[in-house]
Each structure stands twice: as C-alpha cells, then as structure tokens.
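Take a look at the letters that make up each chain.
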Amino acid sequence: SVPSAQAIRSITEFAKSAKAQGHRLVVVGHADATGTAKENERIAVRRALTVKQELVRSGVPANLISVKAAPLEYQSSNATAEGRHLNRQTLVHAA
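Described in the following lines is the structure provided in the data block. (Residues numbered from 1 in each chain as written. Predicted model: local features only at pLDDT ≥ 70, side-chain atom pairs only at ≥ 80, totals over all residues. Heavy atoms only, no water.)

What about helix 2 (residues 37-57)?
A rise of 1.5 Å per residue sets the reference length of helix 2, with its 21 residues, at 30 Å; its end C-alpha atoms lie 30 Å apart and thus fit the reference within 8%. Residues of helix 2 that are buried: Asn40, Ala44, Arg47, Ala48, Thr50, Val51, Glu54 and Leu55. The arc enclosing the buried residues of helix 2, seen along the axis, measures out at 150 degrees, which places them on a common side. Of the residues in helix 2, the exposed ones pointing more than 90 degrees away from the buried face are Lys38 and Arg57. Where helix 2 is buried, its residues meet helix 1 (5-21), strand 1 (25-29), strand 2 (65-69) and strand 3 (90-94). One or two steps after helix 2, the chain reaches glycine 59, where phi turns positive at roughly 105 degrees. (Helix = DSSP H or I, 4+ residues; strand = E, 2+ residues; numbered from the N terminus. Expected span 1.5 Å × (residues − 1). Buried < 20%, exposed > 50% of the residue type's maximum accessible area, 1.4 Å probe, protein only. Arc of directions from axis to C-beta. Contact = heavy atoms within 4.5 Å.)

Here is the structure:
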C-alpha cells in the first residue's frame, strides 16, 4: 500500500528524531479482521515494510529497523467500518 502524503510527512519527522537519537526501531503492521489470518498477516507485513522503506528513505539506517506483523492485535472494534479503518495501521516503537 502507498502511504498518504500526511503519513510520509509524519514518517519523515519521526525519522529525523530517530536518527538524532540513534534508537533501534520496531515497525509493527496491523490489519482488520475482514480477511483470513494468512491474508491479514501478509497485509500487516506489507504495511510495516512500507513504513520501514520510508524511514530508510528518510535516512534511518535499515539495520536499526526491525519489522513485525501483529494482525490479531486490534486497537478498535472490527464491528464497524470506522473500527476496521482504525485497525489498519502501522506503529513504530523505539526498541
């Protein structure tokens, strides 16, 4: 998936801070519950890899970034369209 312009700006700003501090990062991709477990795992990994690519493009060394999929860790209910939308996300944590 292609990140929005706003997402790219957020990633770029985060990358500046991460580079300055030299932290190792963990990028965690999430998915909603609409597909099969295998499909959601693939989607979650793809989301995380896309964010990692943008972090690297923004100057964070690739060897400081690990990628993880957490397709079954929901931030919101999957019962509504809004909840499913909120579950389709990628989070970045300092390791």
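There's plenty left to go through after this.
Examining the nonpolar core
Judged by nonpolar contacts, Ile11, Ala15, Ala18, Leu25, Val27, Ala48, Val51, Leu55, Val60 and Ile65 together constitute the single largest core of 10 residues. If you list the elements that add at least two residues to this core, you get helix 1, strand 1 and helix 2. Residues contacting valine 51, with those up to four places away along its chain left out, are Ile11, Val27, Thr90 and Val92. (Core = buried A, V, L, I, M, F, W, Y, C linked by side-chain atoms within 4.5 Å.)

Comments concerning the sheet that holds strand 2
Judged by pairing direction, the sheet is mixed, and its three strands sit side by side in the order 2-1-3 without closing on themselves. Of all strands in the sheet, those with a lone pairing partner are strand 2 and strand 3, marking the two edges. With strand direction ignored, the average angle separating the axes of adjacent strands in the sheet is 20 degrees. Pairing of strand 1 with strand 3, which is carried by five bridges, proceeds in the antiparallel orientation. The residue bridging valine 28 from the neighbouring strand is leucine 91, located in strand 3. Here helix 2 sits on the sheet in contact with strand 1, strand 2 and strand 3, set at roughly 160 degrees to strand 2. (Pairing = 2+ DSSP bridges. Axes fitted to C-alpha atoms, helices over the stretch in contact; angles between N-to-C directions.)

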